[in-house]
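Geometric and topological summary
Listed below are the residues making up each chain.
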Amino acid sequence: AQSVTQLDSHVSVSEGTPVLLRCNYSSSYSPSLFWYVQHPNKGLQLLLKYTSAATLVKGINGFEAEFKKSETSFHLTKPSAHMSDAAEYFCVVSRVERGSTLGRLYFGRGTQLTVWP
Amino acid sequence: NAGVTQTPKFRILKIGQSMTLQCTQDMNHNYMYWYRQDPGMGLKLIYYSVGAGITDKGEVPNGYNVSRSTTEDFPLRLELAAPSQTSVYFCASNLAGGPIQETQYFGPGTRLLVL
């Protein structure tokens with residue numbers, strides 16, 4: 001079975017300081033992993049995805065995530081937070097259903113990032 | 001290019017009422033999806049479609065129906081609203097190949113409250 005755990009429901013940082021949003025996954029095989037961001041009153045937007053190529057994945061807006069198989073983690077980081085980064089972030093693991101060619105996405109509960117000036 | 005649009009933005013329903021949530025995309029995407037997001041939870045897949053005339057159930061299909069008569073539109077129908085259907089509903093689409101291979105594009109969501 002696939003599942004994803006986001007370890008923090010809320011993270012607060014000051015502008016210009018590093019961001020760390022933590023995500024652990026469980027999967028019976030090598031998964032594809034994603035981070036999505038949701039700004040207030042907007043739809044979700046893909047930040048980055050890991051699909052078994054390089055373990056360090058760079059995304060949009062300066063975010064990156066590292067796939068660590070030994071720790072079953074896929075934490076999202078950014079060296080310096082900006083006010084515009086304030087949003088909800090979702091860690092997502094994929095699964096291809098038996099008998100289907102369609103991969104499905106399983107979402108974590110989300111981490112709300114607050115950025116203080 | 002409007003992307004994925006959803007209407008209405010917000011709706012209050014009484015128990016037992018029915019309604020249709022509209023979703024339209026103008027990107028000529030083959031795959032479309034409906035998710036629900038309950039408070040404090042991640043998104044769960046309700047139904048999906050891989051093309052006009054083809055739909056299939058996701059994780060939580062009970063209490064919902066869908067149809068896909070055109071490439072652009074993928075409406076979600078609630079026949080007998082229940083309080084358990086209070087949620088935020090997101091429509092999404094991607095060109096082909098499913099959400100692992102292709103980036104999904106999401107609409108802004110519809111907030112539904114059933115009282």
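To start, this report covers the structure provided alongside it. The structure displayed is predicted, hence computed values, not measured ones. (Residues numbered from 1 in each chain as written. Chains lettered and ligands numbered in written order. Predicted model: local features only at pLDDT ≥ 70, side-chain atom pairs only at ≥ 80, totals over all residues. Heavy atoms only, no water.)

Residues and elements named next belong to chain A. For the structure on display, the rule yields 2 disulfides over all chains. Linked covalently through their sulfurs, cysteine 23 and cysteine 91 form a disulfide whose S-S length is 2.0 Å. Residues cysteine 23 and cysteine 91 are joined by a disulfide whose S-S torsion is about -70 degrees; by sign, that bridge is left-handed. Within this pair, whereas cysteine 23 is found in strand S4 (residues 23-26), its partner cysteine 91 is found in strand S10 (residues 87-96), the two being separated by 68 residues in sequence. (Disulfide = S-S within 2.5 Å. Helix = DSSP H or I, 4+ residues; strand = E, 2+ residues; numbered from the N terminus.)

Generally speaking, nonpolar side chains in soluble globular proteins are found buried as a group. Counting residues in each nonpolar core, the largest one holds 27 residues, and the members touching the most others are Trp35, Phe74, Leu76 and Tyr89 of chain A. A total of 4 residues in this core trace back to one element, the largest contributor, which is S10 of chain A. Residues Ile46, Leu76, Tyr89 and Val114 of chain B belong to the second largest nonpolar core, which totals 20 residues. (Core = buried A, V, L, I, M, F, W, Y, C linked by side-chain atoms within 4.5 Å. Buried < 20%, exposed > 50% of the residue type's maximum accessible area, 1.4 Å probe, protein only.)

Let us look at the packing of aromatic side chains. This model, assessed by the stated rule, comprises 13 aromatic pairs over all chains. Judged by centre distance (5.7 Å) and plane angle (35 degrees), the rings of tyrosine 35 of chain B and phenylalanine 106 of chain B are tilted. In this pair, tyrosine 35 of chain B sits in strand S4 (residues 31-37) while phenylalanine 106 of chain B sits in strand S10 (residues 105-106), placing the two residues 71 residues apart along the sequence. These aromatic residues form a ring-pair network of at least three members: Phe34, Tyr36, Phe90 and Phe107 of chain A together with Tyr33, Tyr35 and Phe106 of chain B. A cation sits over an aromatic face here: arginine 68 of chain B above phenylalanine 74 of chain B, 6.0 Å from the ring centre. (Phe/Tyr/Trp six-rings, centres within 6.5 Å; stacked < 30°, edge-to-face > 60°. Lys NZ or Arg CZ within 6 Å of the ring centre and 35° of its normal.)

As a general point, the strands of a sheet are linked pairwise by backbone hydrogen bonds and lie either parallel or antiparallel. Residue and element names in this part refer to chain B. Sheet architecture is open: 4 strands sit in the order S1-S3-S8-S7, paired in antiparallel fashion. Each having just a single partner strand, strand S1 (4-7) and strand S7 (64-66) make up the two edges of the open sheet. Sheet twist, expressed as the average angle between the axes of neighbouring strands with direction ignored, equals 20 degrees. With 4 bridges joining them, S1 and strand S3 (residues 19-25) adopt antiparallel strand pairing. (Pairing = 2+ DSSP bridges. Axes fitted to C-alpha atoms, helices over the stretch in contact; angles between N-to-C directions.)

Residues and elements named next belong to chain B. Mapping glycine 16 onto the fold places it in the loop between strand S2 (10-13) and S3. Overall, glycine 16 belongs to the partly exposed group, its relative accessible area being 36%. Considering only alpha carbons, one finds glycine 16 and methionine 41, 25 residues apart in sequence, at a separation of 25 Å. The contacts of glycine 16, once residues within four sequence positions are left out, are Glu79, Leu80 and Ala81. (Contact = heavy atoms within 4.5 Å.)

What follows is about the layout of surface pockets. The probe, sized like a water molecule, is rolled over the atoms to show the empty space still left. Size it by volume and the largest pocket reaches roughly 550 Å³. Forming the boundary of the largest pocket are 26 residues, of which Gln38 of chain A together with Gln37, Val88, Phe90 and Arg111 of chain B lie nearest the centre. When contributions to the lining of the largest pocket are tallied by element, the ones reaching two or more residues are S10 of chain A together with strand S9 (87-94) and strand S11 (110-114) of chain B. Partitioning the lining of the largest pocket into residue classes produces 11 nonpolar, 9 polar and 6 charged. In this structure, the second largest pocket is lined by 16 residues; those nearest its centre are Lys42, Gly43, Leu44 and Gln45 of chain A together with Phe106 of chain B. If you list the elements that add at least two residues to the lining of the second largest pocket, you get strand S6 (44-50) of chain A together with S1 and S10 of chain B. (1 Å grid on protein atoms, 1.4 Å probe; cavity = no way out; pocket = protein on both sides within 12 Å on 5 of 7 lines; lining within 4 Å. Points joined across faces, edges and corners; volume = space filled by probe spheres on them. Nonpolar A, V, L, I, M, F, W, Y, C, P; charged D, E, K, R; others polar.)

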